[in-house]
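Commentary on secondary and tertiary structure
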Amino acid sequence: MNSSTDIDQNQNETDQDKSEFISNLSILRQVRLFSSLPQEALKLLAYLSTREIYTRGEYVFRTGDDDGCSYYILEGSADLILESNDKSTVVRNYGQDRFLGCLSMLSPLPRLFALKAAQNLTLLVMTRKNFSMVMEKFPELSLQIVKAIARRINQSEGHNVENYKQDKVGITDFFGLSMI
Amino acid sequence: MDRQRQSVVKRTLGSWVFDGNTLLQVVLVVVILFTVVARIIPLEMQKRIVNEAIYLKQLKLLAIYCTLYFLSVMTASLLKFAINIIQALISERATAAMRIALFKHILTMPLGFFRNTQPGVVVNSLVNELTLPGNFIGMAVAIPLTNILTLVAFAAYLFHLNPLLGAISFTIYPLMVIVIPYIQARVNRENRERIGVSRQLSSSVVEAVSGLQEVQANGGFALANRNFARLANALKTIRVRWNLFKSGVKVVNNLVTNLGPVIIFVLGGYLTIRGELELGALVAFLSAQEKLYDPWKELVEFFQVFQDGSVAYYKTMGLYDVPIEHLMLPRDREPLKLLPTVETENLTLETVEGIKLIEEVTLTLNPGEHLALVGFSGSGKSTLALCLAQLLSYTSGRASIGGEEIRDLTRADMVASLGLVSQSPFIFNGTIRENLEYAHAALHGQGGFLAEKFDPTLDDLIYVLQQSGIFVDVLKFGLTTVIDKNDKALAATIIQVRKNFQADFGEEINEWVEFYDEELYLDHSSVGDNIIFGTSRTEEFNTDNLVKNPFFMTFIDDADLLRPLLTLAIKLAEQTVDILKSIPDEALFFAQSPIRPDEFDIYTTLVQKIKGQNLHQLTKPQQSSLLTLALRFSPGRHKTATMPEFLKDLILEGRHMFREKILAKGKDAISFFGLQDYIYSQTILNNILFGRTKSQSPRIQEKINQSIVHLLVAEDLLERIIEIGMEFQVGTNGNRLSGGQQQKLAIARAFLKSAPILIMDEATSALDNHSQRRIQNVITGKLKGKTTLIAVVHRLDYLNNYDKIAFMKSGKIIEMGTYDELIEKRGSLYELINRH
């Protein structure tokens, strides 16, 4: 049921048999951060998530924004952009099935980057407001999320350390940690 | 009069007894006197009925005495009723008076108090704790007076009949009122123990059940059983004792009540036979003996209420007995018009624990100067700002506004000179407009501090809405309002805007808006709207009444829609109930659900009942409930079910059939959607679009609003829509506004007040870059040189707009000067900026 091939077929199936809710649910179950959550909480999150479409070149958020959302890329890809006064640099391209921005579920934070649709982009969006509503109902969630984030930061850093040891490190590898 | 000046928390409980209730208490005393008389008469009548009427066989006397007996009983009951009413009135009046006085006091208490006191405690004090003292006030005169007088009157009467028997009658009950409370206390103690052990028993069951895997895996049956048996036995013992004492109370009660007559019969009978007591007097004794019980009981209970009430009262009042730091209103003068200079000298705030939150702060700010306070969190920036706003009290040093020491100014003086936007501003339940005018009204409104009364003009309001950047939000609220059916003029103008909109933006906005099109199924409208494709003019075609409407139901059958819609509804109900079952009473979660919060239980039951049933087995009411749900379903909004394509086609066909049938019927029940007609059931926005937006996302909404604004301006409608938008209800704590909207509203509130000094404590922390820049531009462009500003700054971007920057660290100002000076100095600010 939850095999990864299932996800790939989602796009075709959604329109006919599966309701958007069911496909949201199976997507969220794949997100590592949520995988340990109780089914009831996951259902609520799937139910409260919405889909947004961005045309190529449109910004999802800009530096300094507190958009208060996390995003799952359903289709297309997005560029993470470092904006400075005179120029913008593309740090990384995020493709399909990436989950971005989970930190902003926990606290209002200004974005350190901009995210721009590199192709036409369909996102599954969860707002902080909805997320905190679910957290209030399942207080044990917050601890699980914090643990998952701690693990994630540790992994990322570990990854960077490994890269550094192998002399592969470029400064941009460190960028984007706030996008976990 | 002195009482008015005396703080409510210093008053004694007794002082409330006659406060404002003197007249009622006097009336009460009079009523009580009559009651006591009315209670004695039956005894005398009983005596006379036996002695005179029956003994002498006088029917006429019997009739007279019985009538008098009856009348006095009736009178006594009515008077008792009157006493109860007056008593309740006094008690409620006293409770309300105490609540009002205490609330007034609490509002003026130092903020520090509330850091250690939960709002729940204050709620409890004001709502629950004062009820018991209030009860006491109601009883304070009535109960002792009634019962003591009754007892005295009975005693006098009985002694007059026979002193010996009278004395004995009076000793029975006092014994009882001493013994019974003692046993009752034991009952209460056992009860407490019973509850305690019951809890332990429950938790041992919980533990065993949730750890059952461990119990079974390790074979820990014996241990779990032993543990449970121990508690179950302990509970048994306590329950036996508890029952024992409980029945003890009943037995003693019964015994004494029944023992009384025995004694009266023994002694009274003996005296009567000896001829020393009349038979009638014996009857009176028997009857009186029974009636003596209530007064004693009531007196004991009164004593209990007095004890509990005064404990609750002094505890509650003691909690709030904190000195008030600042007077509310200046006596006999207008609030001062202070020159907006701010000066401090060695200003220090030290906590009781000896921690210096601010230390030796010295600064001077001339009228119109702008100061930025910078530093890490915990450096004392906000504390300093709040001290200057008189909201925190400094412990040493000086701080003054216009040369007047802040500590000595009254609240009114401060309020008149100072505006404050705090870090997390509070938005009150009400409309945007009420919140906007809040600070202004406190000065210039009815009962405001200043003599000069005036309301802000619409232009003023719009001006500050624009400056703070909340204008677009208010516009959005205005556009999503449903206007009144009678506002034909507004509707006509909006139709005009619609036409221009279609001409100018129809193509461009197509992607985001689903236009009403007779030939298309509308994913973002409900099934019901898709069928009717219009607004009902009569009750029977309102969305919620459709399933009760025979015409509509016949149509549904004819159009072959019933079965597919029921199938759809069952799916929808099952999914929604399954998702929301863990949070059934949380309205916020229901925004995306076709089931409303109050209907949730109904659908939960329905889903359980129809599980495994076929469509033809559904009862009529079940069909109606399901159909209601199906008619509300809109696939664009409700994501828990999908709309099969064939059903869309079927509905589309049905739409035309429905229109034909309605027109054939010659009824004017529906006004069908048409480009020329205003849709009164829908929002202004939907009317302008002549359709619905496909997404609720703010990004899309803004795009659409931007295209609409120009058209509104062209039709001179913008101000009107803003006025409508300002009537938006923000909800409790402003929870229908986002954090950013709340901050912008608070800033607009302060701008509208336009006090000579403004304190902004990280006032823009929840705003995006663009909004922050806009507000900074207003501050620099419009307020510099006019309003003295102290801003606690959380971002360093706009620092060079300030006249002075004070860099704080551990409560001290470690460097202060202009931006250029500090950068040149290459000190802490320079370091902070370049670290970024």
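Residues numbered from 1 in each chain as written. Chains lettered and ligands numbered in written order. Predicted model: local features only at pLDDT ≥ 70, side-chain atom pairs only at ≥ 80, totals over all residues. Heavy atoms only, no water.

Some thoughts on the packing of aromatic side chains
- Evaluated as defined, the whole model comprises 23 aromatic pairs over all chains.
- Between Phe113(B) and Tyr320(B) the ring centres are 5.7 Å apart and the planes differ by 50°, which places this aromatic pair in the tilted class. Of the two residues, Phe113(B) is situated in helix H4 (residues 111-115) and Tyr320(B) in the loop between helix H11 (293-319) and strand E1 (342-350); the sequence distance between them amounts to 207 residues.
- Across the ring face of Tyr59(A), the terminal group of Arg62(A) is positioned such that the distance to the ring centre comes to 3.9 Å.
- A cation over an aromatic ring shows up here: Arg699(B) above the ring of Tyr54(A), its NZ or CZ 3.5 Å from the ring centre. (Phe/Tyr/Trp six-rings, centres within 6.5 Å; stacked < 30°, edge-to-face > 60°. Helix = DSSP H or I, 4+ residues; strand = E, 2+ residues; numbered from the N terminus. Lys NZ or Arg CZ within 6 Å of the ring centre and 35° of its normal.)

Some thoughts on the pairing of strand E3 (residues 69-75) of chain A
Residues and elements named next belong to chain A.
- When you tally the buried positions in E3, you get six out of seven residues, the bulk of the element.
- Alignment of E3 against strand E8 (residues 121-127), held across six bridges, turns out to be antiparallel. Looking at E8, one finds that Cys 69 is bridged to Thr 127.
- Where E3 meets strand E6 (residues 99-100), two bridges bridge the pair, whose relative direction is antiparallel. Among the inter-strand pairings, Tyr 72 is bridged to a residue of E6, identified as Phe 99. (Buried < 20%, exposed > 50% of the residue type's maximum accessible area, 1.4 Å probe, protein only. Pairing = 2+ DSSP bridges.)

A closer look at unusual backbone geometry
Residues and elements named next belong to chain B.
- We note that Lys 57 has phi near 55°; this positive angle belongs to a residue other than glycine.
- Its place among the elements puts Lys 57 in the loop between helix H2 (22-54) and helix H3 (59-107).
- Phi is positive for Arg 826, which is not a glycine, with a value near 60°.
- Topologically, Arg 826 is positioned in the loop between helix H30 (819-825) and helix H31 (828-835).

Thoughts on the environment of Cys69(A)
Residues and elements named next belong to chain A.
- Residue placement: Cys 69 occurs in strand E3.
- Note on Cys 69: relative accessible area 11%, which makes it buried.
- With residues up to four places along the chain from it excluded, the contact list for Cys 69 reads Gly 101, Ser 104, Met 105, Arg 111, Val 125, Met 126 and Thr 127. (Contact = heavy atoms within 4.5 Å.)

Focus on the confidence of the model for chain B
- Overall, the prediction assigns chain B a mean pLDDT of 88, with 99% of residues at 70 or greater.
- Here the complex is predicted with pTM 0.72, and the ipTM for its interfaces comes to 0.78. (pLDDT = per-residue confidence, 0-100.)

A word on the pattern of salt bridges
Residues and elements named next belong to chain B.
- Using the criterion set out here, one finds 38 salt bridges over all chains in the structure.
- One salt bridge in this structure joins Arg 11 and Asp 19, with 3.1 Å as the shortest N-O distance.
- Relative accessible area serves as the criterion here: at 8%, Arg 11 is assigned to the buried category.
- Between Glu 645 and Lys 648 there is a salt bridge whose closest N-O contact spans 3.6 Å. (Salt bridge = Lys/Arg side-chain N within 4 Å of Asp/Glu carboxyl O.)

Things to note about the nonpolar core
- Residues Phe34(A), Ile531(B) and Phe658(B) are the most contacted members of the largest nonpolar core, which totals 83 residues.
- Per element, the largest residue contribution to this core is 11 residues, and it comes from helix H21 (residues 562-580) of chain B. (Core = buried A, V, L, I, M, F, W, Y, C linked by side-chain atoms within 4.5 Å.)

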